[in-house]
Amino acid sequence: MRAVNAGLDPDAIARAADLLARARYAVVLAGAGMSKESGIPTFRGEGGLWTRFGEPPMNQYESFATDPRRWWQRRLEEAQQPNEFGSALEAARPNPGHVALAELEALGVVRHLITQNVDDLHRQAGQRSITEIHGNRHWMRCTSCGARWPRETIAIDAERLPPLCVEANCRGVVKSDTVMFGEPIPFDALRTCELETARTDLFLTIGTSAVVYPAAQYPIDAWRRGVPLIEVNPEETPLSPIATAVIRAASGAALPRLVEEVRVRRAGGNGSAR
Ligand SMILES: [Zn+2]
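Figured I'd write up the structure that's included with this text.

### Description of the overall build of the protein
Link 1 in the chain: Scanning the protein from N- to C-terminus turns up 12 helices and nine strands.
Link 2 in the chain: Rg of the C-alpha trace for the protein: 20 Å, near the compact-globule value of 19 Å for 274 residues, within the 12% margin.
Link 3 in the chain: For the protein, buried positions account for 39% of its 274 residues.

### Examining the pairing of strand E1 (residues 26–30)
Link 1 in the chain: Of all the five residues making up E1, five are buried; the element is thus mostly covered by neighbouring parts of the structure.
Link 2 in the chain: Side chains Ala-26, Val-28 and Ala-30 project from E1 onto one buried face, and the interleaved Val-27 and Leu-29 project onto a second face that is buried too.
Link 3 in the chain: Sheet analysis places E1 next to strand E7 (residues 202–206), joined by five bridges and oriented parallel. Looking at the pairing, Val-28 lines up with Leu-204 of E7.

### Quick word on the sheet that holds strand E8 (residues 229–232)
Link 1 in the chain: Taken in spatial order, the six strands make up an open sheet running E3-E2-E1-E7-E8-E9, and their pairing is parallel. In this open sheet, the two strands that pair with only one neighbour each are strand E3 (130–132) and strand E9 (245–247). Taken pair by pair, the neighbouring strands of this sheet meet at an average axis angle of 15°, ignoring direction.
Link 2 in the chain: Summarising the sheet, E8 and E9 pair through three bridges and their orientation is parallel. By the bridge assignment for E9, Glu-231 is matched with Val-246.
Link 3 in the chain: Strand contacts of helix H2 (residues 10–22): E1, E7, E8 and E9, with the helix running at about 125° to E9, the strand carrying the most contacts.

### Here's the deal with helix H10 (residues 187–199)
Link 1 in the chain: Taking 1.5 Å per residue as the helical rise, H10 with its 13 residues ought to reach 18 Å, and the 19 Å between its terminal C-alpha atoms agrees with that figure.
Link 2 in the chain: For H10, the complete set of buried residues consists of Cys-193, Glu-196 and Thr-197. Along the long axis of H10, the arc covered by the buried residues comes to 100°, so they all point the same way. For H10, the exposed residues set more than 90 degrees away from the buried face come down to Phe-187, Asp-188, Arg-191 and Leu-195.
Link 3 in the chain: Structurally, H10 contributes buried residues whose contacts are with E1, strand E2 (110–115), E3 and helix H11 (217–224).

### Some remarks on the packing of helix H8 (residues 96–106) against helix H12 (residues 251–266)
Packed helices, taken two at a time, are described by their axes: the angle between them and the distance between them.
Link 1 in the chain: Where H8 meets H12, the closest approach of the two axes is 7 Å, and the angle between their N-to-C directions is 30°. Put simply, H8 runs roughly parallel to H12. Here the hand of the crossing between H8 and H12 comes out left-handed. Of H12, the residues touching H8 (which contributes Pro-96, Gly-97, Ala-100, Leu-101, Glu-103 and Leu-104) are Ser-251, Gly-252, Leu-255, Pro-256, Leu-258, Val-259 and Val-262.
Link 2 in the chain: Its residues assigned to classes, the contact of H8 with H12 shows nine nonpolar, three polar and one charged.

### Points about the environment of Gly-47
Link 1 in the chain: Note that Gly-47 resides in the loop between helix H3 (32–36) and helix H4 (49–53).
Link 2 in the chain: With 9 C-beta atoms counted inside 10 Å, the residue Gly-47 sits in the exposed group.

### Let's talk about the sheet that holds strand E5 (residues 148–150)
Link 1 in the chain: The strand order across the open sheet formed by three strands is E5-E4-E6, and the pairing between neighbours is antiparallel. Each end of this open sheet is capped by a strand with a single partner; those strands are E5 and strand E6 (174–176). On average, each strand axis in the sheet is inclined to that of its neighbour by 30°, with strand direction left out of account.
Link 2 in the chain: Sheet topology note: the strand E4 (residues 139–142)/E5 ladder contains three bridges and is antiparallel. Residue pairing for E5: Met-140 is matched across the bridge by Trp-149.

Rules of the game
- Residues numbered from 1 in each chain as written.
- Predicted model: local features only at pLDDT ≥ 70, side-chain atom pairs only at ≥ 80, totals over all residues.
- Helix = DSSP H or I, 4+ residues; strand = E, 2+ residues; numbered from the N terminus.
- Rg over C-alpha atoms; globule rule 2.2 N^0.38 Å.
- Buried ≥ 20, exposed ≤ 12 C-beta atoms within 10 Å, placed from the backbone.
- Pairing = 2+ DSSP bridges.
- Axes fitted to C-alpha atoms, helices over the stretch in contact; angles between N-to-C directions.
- Contact = placed C-beta atoms within 7 Å.
- Expected span 1.5 Å × (residues − 1).
- Arc of directions from axis to C-beta.
- Parallel < 35°, antiparallel > 145°, perpendicular 65-115°, else oblique.
- Left-handed = near helix turned anticlockwise from the far one by under 90°.
- Nonpolar A, V, L, I, M, F, W, Y, C, P; charged D, E, K, R; others polar.

What follows is the structure, given as structure tokens:
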């Protein structure tokens, strides 16, 4: 649609595309703005679920850890009565921004994607190298060994709750992969984010206000090493002043354009050689 592209600043797109075309190891931090474009309500901010209905209890994880059986019973009950967030998640599909990021990975430009989104849309779009620091709503995780599986592969027997880990010699309690309030983010996920941030030569933040830690730290760590930042966000964020290229647009409009421009440059157009 033409109207969507009308707001894209050609200079900002060109600057970002030049950086991307030269990058050898771009890392992305993708936030809730991308999910919102696929129709998933945000938690915080105007119209956000928590703003309207209140934040969930801060001791969520403690309740789970104290009585996982009770937690699972409640979860199975709740599954019978769909809520607004659940329905939106089930209906959501990857948007052109998700698809474009997967294309940048296939082109060898984007090497890793870090996200706080739990909606699985990056995977559905074809992204392969991902760290979901808040987990994935469609996955389960063992609280002992940290193994993760798509939820449909774990048999849940209402008579034998909680489900237990199927890895050899583990038998740890299984929970939803989504990180609860009060639950530590899995160590492996944080370690991967740190390693990827240490390797990157170009950092992109997309649809995130970059204020929630630990994710907010990664672009700053990269920038302190002299790595250029690209920001794609309709709103100003705390990272805007330090970004080398800022695209003030929705990711679904900006990213497909960037992919086109990167393809042109990689094909031998302006400024691709290093
Ligand atoms: Zn286990």
